[in-house]
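Observations on chain architecture
Each chain is listed here by its residues.
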Amino acid sequence: MKPIGKSRGFTLLEVLLVLAIVTALAVIGMQGFRSARLRANQTVSSANLRQLAAANLLYVADHQTYCPFGDPSNCIRWHGGRSSASEPFDPSKGLLAEYLGLSRRVGTCPEFTRHLTGSQSWEEGSGGYGYNGTYLGGIPGSTFTPNRPANVNRPERTLMFATTAFAKNAGLQEYASAAPRRSVSPNWKLAGPLQPSVHFRFNGKALIAWCDGHVTAESPAEGSETNFYGGDNQAAHIGWCGPEEENGWWNPRN
């Protein structure tokens, strides 16, 4: 009778090779998952921005102006409001609320919630999006007077909403304003620098909703170092986009 031979065990080299293959497959799988998740989140975020642009255009149809960024009481914004300064901020009581469906709230960017690290946001409820309050929700020299579509020379290249965030030393915060590069005097002359708030959270690109309602993904421009709150704009992927001259895409006169 032929003796049964002993089974051969794995060598150390074979074990290491198998571990390397498993690790490589896991990394590839994780990268694929992350890419798929990012694409899905970008689709949702683009839809949210289109809804915001459509809501603002419905506001225009009713009021002949864009939605104001806020009201003179300093208690109500485009994305929410409160009865008084002592009351909590309610994201369902904004100036755009009645145009945002049954929820009366701005949809939240799912990718933004992955980046949010701070707990000092101003008036939460903007969903990770900011409004062009300098030129559309208000006009230079009259903060609470919204602009009119007739004054927008190129709706397809004038920024209405964008993916935004605010870099502070306490972390990344929600921010309801898409700030241009420079502040503007009442006579429409450029003044001092502003802190950038456009957030390039989708593979180095930000999503922009334009005044004609379409949405695009845009790359950052140079010169985003200004920060008055101790944050790191570069590390947070925050900056500006488009041309610099006369505040570029923000300015409806360009």
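Okay, so let's go over this structure. (Residues numbered from 1 in each chain as written. Predicted model: local features only at pLDDT ≥ 70, side-chain atom pairs only at ≥ 80, totals over all residues. Heavy atoms only, no water.)

The biggest cluster of nonpolar side chains holds 33 residues, and the ones touching the most others in it are Trp78, Leu96 and Phe161. The element best represented in this core is helix α1 (residues 12–63), accounting for seven residues. Not counting chain neighbours up to four residues away, the residues in contact with Phe161 comprise Leu49, Leu52, Ala53, Asn56, Trp78, Leu96, Gly130, Tyr131, Leu207, Ile208 and Ala209. Counting 15 residues, the second largest nonpolar core, distinct from the first, contains Tyr135, Trp188, Ala206 and Trp250. (Core = buried A, V, L, I, M, F, W, Y, C linked by side-chain atoms within 4.5 Å. Buried < 20%, exposed > 50% of the residue type's maximum accessible area, 1.4 Å probe, protein only. Helix = DSSP H or I, 4+ residues; strand = E, 2+ residues; numbered from the N terminus. Contact = heavy atoms within 4.5 Å.)

Further remarks concern the sheet that holds strand β3 (residues 129–131). Taken together, the four strands give an open sheet; going across it, the order is β3-β4-β10-β11, and neighbouring strands pair in antiparallel fashion. Either end of the sheet is taken by a strand with one partner, and the two such strands are β3 and β11 (215–218). Within the sheet, the average angular offset between the axes of one strand and its neighbour, ignoring direction, is 25°. With four bridges joining them, strand β10 (residues 206–210) and β11 adopt antiparallel strand pairing. Across the sheet, the residue bridging to Ile208 is Thr216, located in β11. (Pairing = 2+ DSSP bridges. Axes fitted to C-alpha atoms, helices over the stretch in contact; angles between N-to-C directions.)

Time to look at unusual backbone geometry. The phi dihedral of Trp188 falls on the positive side, at around 70°, and the residue is not glycine. Among the residues examined, Trp188 registers a relative accessible area of 17% and is labelled buried. Positioned with a positive phi, Asn203 is a non-glycine residue whose angle comes to about 50°. Locating Asn203 in the fold gives a position in the loop between β9 (198–199) and β10. Since its relative accessible area comes to 70%, Asn203 is described here as exposed.

On to the packing of aromatic side chains. How two aromatic rings sit relative to each other is set out by the distance from centre to centre and by the angle between their planes. Scanning all chains against the criterion turns up nine aromatic pairs. Seen from their ring centres, Trp78 and Tyr131 are 6.0 Å apart, and the 65° between their planes marks the pair as edge-to-face. Pair noted here: Trp78 is in the loop between β1 (76–77) and β2 (80–81) and Tyr131 is in strand β3, with a separation of 53 residues, a long-range link. Of the two residues, Trp78 and Tyr131, neither departs from the other in class, the shared state being buried. Three or more aromatic residues joined by ring pairs make a cluster, and in this case those are Phe69, Trp78, Tyr131 and Phe161. The lysine or arginine in question, Arg157, covers the ring of Trp210, its NZ or CZ lying 4.5 Å from the ring centre. (Phe/Tyr/Trp six-rings, centres within 6.5 Å; stacked < 30°, edge-to-face > 60°. Lys NZ or Arg CZ within 6 Å of the ring centre and 35° of its normal.)

This part covers the pairing of β10. Most of β10 sits inside the fold, with five of its five residues counted as buried. In the sheet, strand β4 (residues 159–163) pairs with β10 via three bridges, with the strands oriented antiparallel. The residue of β10 that forms the bridge with Leu159 is Trp210. Between β10 and β11, which pair antiparallel in sequence order, lie four residues; one of them, Gly213, sits at a positive phi of approximately 100°.

Turning our attention to the side chain of Asn147. Note that Asn147 resides in the loop between β3 and β4. Owing to a relative accessible area of 4%, Asn147 belongs among the buried residues under this scheme. In terms of polar contacts, Asn147 uses its side chain to reach the backbone carbonyl oxygen of Tyr135, at 2.9 Å. Here Asn147 is in contact with Thr65, Tyr66, Tyr135, Leu136, Ile139 and Pro252, once residues within four sequence places are set aside. (Polar contact = N/O pair within 3.5 Å; in protein donor to acceptor, adjacent residues only side chain to side chain.)

We now examine the pattern of salt bridges. Applying the stated criterion across every chain yields a total of five salt bridges. We note a salt bridge from Arg82 to Glu123, for which the minimum N-O separation is 3.2 Å. With Arg82 in the loop between β2 and α2 (110–115) and Glu123 in the loop between α2 and β3, this pair connects stretches of sequence that are 41 residues apart. Ionic contacts of the salt-bridge type, sharing partners, join the residues Arg77, Arg82 and Glu123 into one network. (Salt bridge = Lys/Arg side-chain N within 4 Å of Asp/Glu carboxyl O.)

To continue, consider the pairing of strand β8 (residues 190–193). Two elements, strand β7 (residues 182–184) and β8, share two bridges in a ladder whose sense is antiparallel. When the sheet's bridge partners are listed, Arg182 is paired in β8 with Pro193. Connecting β7 to the antiparallel partner β8 that follows it, the hairpin turn spans five residues, and Trp188 within it adopts a positive phi of roughly 70°.

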